Amino acid sequence: MYKVSSPLLQVAIDTLDLDKAIEIAKKAYLAGADIIEAGTPLIKKYGVLAIKRIRDELPRTKIFADMKVADASEIELRLAMEAGADIVSVLASADDNTIIDSIMFGKRNGIEICIDFIGVKDVINRLMEIFYVRPDYLCYHIPYDLSKKSQVNIANSIRVVKELVRMSGTLVSVAGGLDYNTIPLFINAGASVLVVGRTITNSENIEEAVKKIKTLLAQSLP
């Protein structure tokens, strides 16, 4: 089973202002964020230039490109890779061939692939359908449009994350509306990567928010 010594913090940056995104990325990285994410809205507005700008400004950070690849995987993955991405998301709802081709592309080219289960109703069943080749990450992703209406069943989400960790033997990340109260719950469920967006990016003090979450992650160590 893949393991990390301590859960990692991935900061998701979805702002539509590229200069502000770079500023947030710098502050988050210097405060200890493990992975910087170029969010989907940011990439849709600026294209892979958003990834390249983060790479140029932070040459040593690990960059996650939330491309949510659904088709033509080699084309989209190569675009993200050449712009400087280390990890790229591919939708679990995509065709099986797209998923397998993406994972194999990542293995050939030295980039990591995250299979994102956003919008998938039966996560565990879908995992069993597509798990021919092990990806680098599986992401349990609570949709923004659901989380903003406070309709998330946290107990069920924790159950699914536990099952993903138990069955997959790979790194599991959790994304979508995480805050100081829910982060410890998913750490206890076995998540290896906590993807935090608004709790950090909307904070008046980015560095303080990152450090507070990193402390929560460090406290999870046995």
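To be clear, the structure that these remarks concern was listed above.
Residues numbered from 1 in each chain as written. Predicted model: local features only at pLDDT ≥ 70, side-chain atom pairs only at ≥ 80, totals over all residues. Heavy atoms only, no water.

So, about the overall build of the protein. Scanning the protein from terminus to terminus reveals 11 helices and 8 strands. The C-alpha atoms of the protein give 16 Å as radius of gyration, which agrees with the globular expectation for 222 residues (17 Å, within 12%). Based on the C-alpha atoms only, the size of the protein along its principal axes is roughly 45 × 40 × 35 Å. Buried residues in the protein amount to 51% of all 222 residues. (Helix = DSSP H or I, 4+ residues; strand = E, 2+ residues; numbered from the N terminus. Rg over C-alpha atoms; globule rule 2.2 N^0.38 Å. Buried < 20%, exposed > 50% of the residue type's maximum accessible area, 1.4 Å probe, protein only.)

What follows deals with the packing of aromatic side chains. This model, assessed by the stated rule, comprises 0 aromatic pairs. The aromatic ring of Y180 is capped on one face by K212, whose charged end is 4.0 Å from the ring centroid. (Phe/Tyr/Trp six-rings, centres within 6.5 Å; stacked < 30°, edge-to-face > 60°. Lys NZ or Arg CZ within 6 Å of the ring centre and 35° of its normal.)

Glancing now at the pairing of strand β8 (residues 193-196). Across the two faces of β8 the burial is the same, with V193 and V195 and L194 and V196 all buried. Here strand β1 (residues 8-13) pairs with β8 via 4 bridges, running parallel. Its bridge partner lying in β8, Q10 is registered against V195. Examined bridge by bridge, strand β7 (residues 171-175) and β8 share 3 bridges and lie parallel to one another. Across the sheet, residue V174 finds its bridge partner in β8, namely L194. Note that the unit made of β7, helix α9 (residues 183-188) and β8 has a crossover that is right-handed. (Pairing = 2+ DSSP bridges. Right-handed = clockwise from strand over helix to strand, strands pointing away.)

Our focus in this paragraph is the pattern of salt bridges. Overall, the coordinates contain 12 salt bridges when judged by the stated rule. We note a salt bridge from E23 to K27, for which the minimum N-O separation is 3.1 Å. Note that E23 and K27 are positioned in helix α1 (residues 18-30) at a spacing of 4 residues, about one turn of the helix. Two residues, E163 and R166, come together in a salt bridge whose shortest N-O distance is 3.0 Å. Placement of the pair is E163 and R166 together in helix α8 (residues 154-168), with a separation of 3 residues, close to one helical turn. Looking at R166, the relative accessible area reads 56%, which means it is exposed. Among the charged side chains, a salt-bridge network with shared partners connects D96, R126 and E129. (Salt bridge = Lys/Arg side-chain N within 4 Å of Asp/Glu carboxyl O.)

This part takes up the nonpolar core. Residues I51 and I115 are the most contacted members of the largest nonpolar core, which totals 70 residues. Ranked by residues supplied to this core, first place goes to α1 with 6 residues. When near neighbours in sequence (up to four residues on either side) are disregarded, I51 contacts A38, I43, I63, A65, M67, A80, A83, G84 and A85. Grouped together as the second largest cluster of nonpolar side chains are 11 residues, A12, I87, L171 and V193 included. (Core = buried A, V, L, I, M, F, W, Y, C linked by side-chain atoms within 4.5 Å. Contact = heavy atoms within 4.5 Å.)

On to the side chain of T201. By the element assignment, T201 lies in helix α10 (residues 198-201). Note on T201: relative accessible area 15%, which makes it buried. Once residues within four sequence positions are removed from consideration, T201 is found in contact with V11, A12, I13, I24 and I206.

A few words on the sheet that holds strand β5 (residues 112-116). With parallel pairing, 8 strands are arranged side by side around a closed barrel as β1-β2-β3-β4-β5-β6-β7-β8. Going across the sheet, the axis of each strand differs from the next one's by a mean of 25 degrees, ignoring polarity. Contacting β4 (87-91) and β5, helix α5 (residues 96-109) crosses the sheet at an angle of about 155 degrees to β5. (Axes fitted to C-alpha atoms, helices over the stretch in contact; angles between N-to-C directions.)

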